[in-house]
Amino acid sequence: MNLLDENIRDDQRGLLRQWRIPARQIGKEVSRSGIEDENLISVLHQLHRATLFTQDEDFFKQRLCHDVYALIFLDVKYIEVAEFIRRFLKHPGFDTQRKRMGIVARVRRTSVQFWRKGLGGLQIVRWDDH
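Residues numbered from 1 in each chain as written. Predicted model: local features only at pLDDT ≥ 70, side-chain atom pairs only at ≥ 80, totals over all residues. Heavy atoms only, no water.

A.B. asks: Can you break down unusual backbone geometry residue by residue, with the values?
C.D. replies: For Arg20, which is not a glycine, the phi torsion comes out positive at approximately 60°. Inspection of the secondary structure puts Arg20 in the loop between α1 (10–18) and β2 (24–25). The class for Arg20 is exposed, based on a relative accessible area of 76%. (Helix = DSSP H or I, 4+ residues; strand = E, 2+ residues; numbered from the N terminus. Buried < 20%, exposed > 50% of the residue type's maximum accessible area, 1.4 Å probe, protein only.)

A.B. asks: Hey, could you go over the side chain of Thr54 for me, with residue numbers and the actual values?
C.D. replies: Structurally, Thr54 is set in strand β3 (residues 50–54). Within the structure, the side chain of Thr54 is placed 2.7 Å from the side chain of Asp5, a separation counted as a polar contact. At 3.3 Å, the side chain of Thr54 and the side chain of Asn7 are in polar contact. The contacts of Thr54, once residues within four sequence positions are left out, are Asp5, Asn7, Ile8, Phe59, Ile72, Phe73 and Leu74. (Polar contact = N/O pair within 3.5 Å; in protein donor to acceptor, adjacent residues only side chain to side chain. Contact = heavy atoms within 4.5 Å.)

A.B. asks: Account for the nonpolar core, with residues named and values stated.
C.D. replies: Counting residues in each nonpolar core, the largest one holds 24 residues, and the members touching the most others are Ile72, Leu74 and Phe88. Where this core is concerned, the elements lending two or more residues are β4 (69–74), α3 (81–90), β5 (103–107) and β6 (111–116). No other element matches the 6 residues that α3 contributes to this core. Residue contacts for Ile72: discarding those within four places in its chain leaves Thr51, Leu52, Phe53, Thr54, Phe88, Ile103, Ala105 and Val107. Counting residues in hydrophobic clusters, the runner-up holds 18 residues, among them Leu3, Ile41, Leu71 and Phe73. (Core = buried A, V, L, I, M, F, W, Y, C linked by side-chain atoms within 4.5 Å.)

A.B. asks: So what's going on with the environment of Phe60? Residues and values would help.
C.D. replies: By the element assignment, Phe60 lies in the loop between β3 and β4. Here the alpha-carbon distance between Phe60 and Gln46, two residues 14 residues apart in the chain, equals 20 Å. Discounting residues that sit within four places of it in the chain, Phe60 has contacts with Phe73, Val104, Ala105, Arg106, Gln113, Trp115 and Leu122.

A.B. asks: Go over α3, please, and point to the residues and values.
C.D. replies: Of the residues making up α3, those classed as buried are Val81, Ala82, Phe84, Ile85, Phe88 and Leu89. In a view along the axis of α3, the buried residues occupy a sector of 165°, so they form one face of it. (Arc of directions from axis to C-beta.)

A.B. asks: Any details on the sheet that holds β3? Residues and values, ideally.
C.D. replies: On the basis of which strands lie adjacent, the open sheet formed by 7 strands has the order β2-β1-β3-β4-β5-β6-β7 and mixed pairing. Looking at the sheet topology across the chains shown, the edges are occupied by β2 and β7 (123–126). With 4 bridges connecting them, β6 and β7 associate as antiparallel partners. Within β7, the residue paired with Val112 across the bridge is Val125. (Pairing = 2+ DSSP bridges.)

A.B. asks: Quick one: what's the story with the environment of Lys77, residue by residue and with numbers?
C.D. replies: For Lys77, the location among the structural elements is in the loop between β4 and α3. It is 21 Å that separates the C-alpha atoms of Lys77 and Phe94, two residues lying 17 residues apart in sequence.

A.B. asks: Can you break down the packing of α1 against α3 residue by residue, with the values?
C.D. replies: Contact geometry of α1 with α3 gives a least axis separation of 8 Å together with a crossing angle of 40°. Taken together, the axes of α1 and α3 lie oblique to each other. The handedness of the crossing between α1 and α3 comes out as right-handed. Along its contact with α1, which presents Gln12, Leu15 and Leu16, the element α3 presents Val81, Ala82 and Ile85. Per-class residue counts for the contact of α1 with α3 are 5 nonpolar, 1 polar and no charged. (Axes fitted to C-alpha atoms, helices over the stretch in contact; angles between N-to-C directions. Parallel < 35°, antiparallel > 145°, perpendicular 65-115°, else oblique. Left-handed = near helix turned anticlockwise from the far one by under 90°. Nonpolar A, V, L, I, M, F, W, Y, C, P; charged D, E, K, R; others polar.)

As structure tokens, then:
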């Protein structure tokens, strides 16, 4: 399941819908609006293999890596969010739910930086590397 944090704007959600990328949103279809970050992690544990997309940098922490979810911090302009969600989901390193589970990532215009549960340090994949 692709899950959008409540900080993702409706226009970006609309673009994802146009591109046929399914996504549910915190505060609308899942949980309640204004949920605290630590409570959101509990929600992720209850959902089935969710990938959370957020613009909240507080989620980019290695200690948050867990096998049952993925956390993706979108470090891009708010009007680029949908574009980079689509790029991320199409990247060969992240294009299936199985490949995404256990990661905490930062998506930037030039690259994806990520930790994967069970691996050592920060990994970097450039968009043009595939």
